[in-house]
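Structural description and commentary
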Amino acid sequence: MKNFLKIAEGIDVLPLLLALQRQPELWDRHPARKIAPDSPHAQMSDIWVRYNDDSPYEASGDYSRFNDAHFPVWYESYYALPELRPLIFGTMARVEGEHLGGVLITRIPPGGRIEPHRDDNWHVQFYSKFYLSLESAPGANFYCGDEVIAPRPGDCYYFDNREEHGVENNSNENRTTLIICVRTHWFEARHADKK
């Protein structure tokens, strides 16, 4: 596979799932990705854990520069979900991370989807994206380029989100994912052929 690379399997994600179940109010506190015009993410919910501080953008209502170069900050969900820490920093250790970027949790309901799209901004060009499946059932397929995977809970993959990608949840269960963006020493080598 050229757009996906499995980096781990069998990670214990149950403590985080239980914490999410106990705190449903964490979902969609920051709805900018979901409600943006023509958003490919309109059918999903998310929890922002770490990214650019959105308070000035929320105050102005203008998110046009939100994805420009920035030093990420922790959102309130990080402190509400201490179960995230071993998953985030375990992933960083596994890939020899040099810098932690954005972290978010996404949930696609049964029958929902993330429309095909490419990501292209400063954050995407600086960090590699790692996808840790928290809950998924057969029929929840993740596409990137001409490849498709159906990760099991506890599977973690690198994927190249600069390629066209999307998700179709054709299952009867939620498809929930922890996305961790990390700058790694192998980023330049892995992406040299795509510059």
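Quick summary incoming for the structure in this document.

1. Some points on the pairing of strand β4 (residues 97-108)
Of the strand pairs in this sheet, strand β2 (residues 45-51) and β4 are connected by 5 bridges, and their pairing is antiparallel. Paired with I47 across the two strands is I105, which belongs to β4. Relative to strand β11 (residues 175-184), β4 runs antiparallel, the two being bridged by 9 bridges. Opposite I108, over in β11, you have R175 as the bridge partner.

2. What about helix α5 (residues 84-94)?
Within α5 the residues assigned to the buried category are L84, L87, I88, T91 and M92. In an axial view of α5, the angular spread of the buried residues amounts to 130°, which keeps them on one side of the axis. Projecting away from the buried face of α5 at angles above 90 degrees are the exposed residues P86, A93 and R94. At the C-terminal side of α5, E96 shows a positive phi close to 55°.

3. Considering helix α1 (residues 14-22)
For α1, the full list of buried residues reads L16, L17, A19 and L20. Taken around the axis of α1, the buried residues stretch over an arc of 160°, which confines them to a single face. Residues Q21 and R22 are exposed on α1 and point more than 90 degrees away from its buried face. Considering only its buried residues, α1 is in contact with β2, α5, β4, β6 (128-135) and β11.

Reading the values: rules and limits
Residues numbered from 1 in each chain as written. Predicted model: local features only at pLDDT ≥ 70, side-chain atom pairs only at ≥ 80, totals over all residues. Heavy atoms only, no water. Pairing = 2+ DSSP bridges. Helix = DSSP H or I, 4+ residues; strand = E, 2+ residues; numbered from the N terminus. Buried < 20%, exposed > 50% of the residue type's maximum accessible area, 1.4 Å probe, protein only. Arc of directions from axis to C-beta. Contact = heavy atoms within 4.5 Å.

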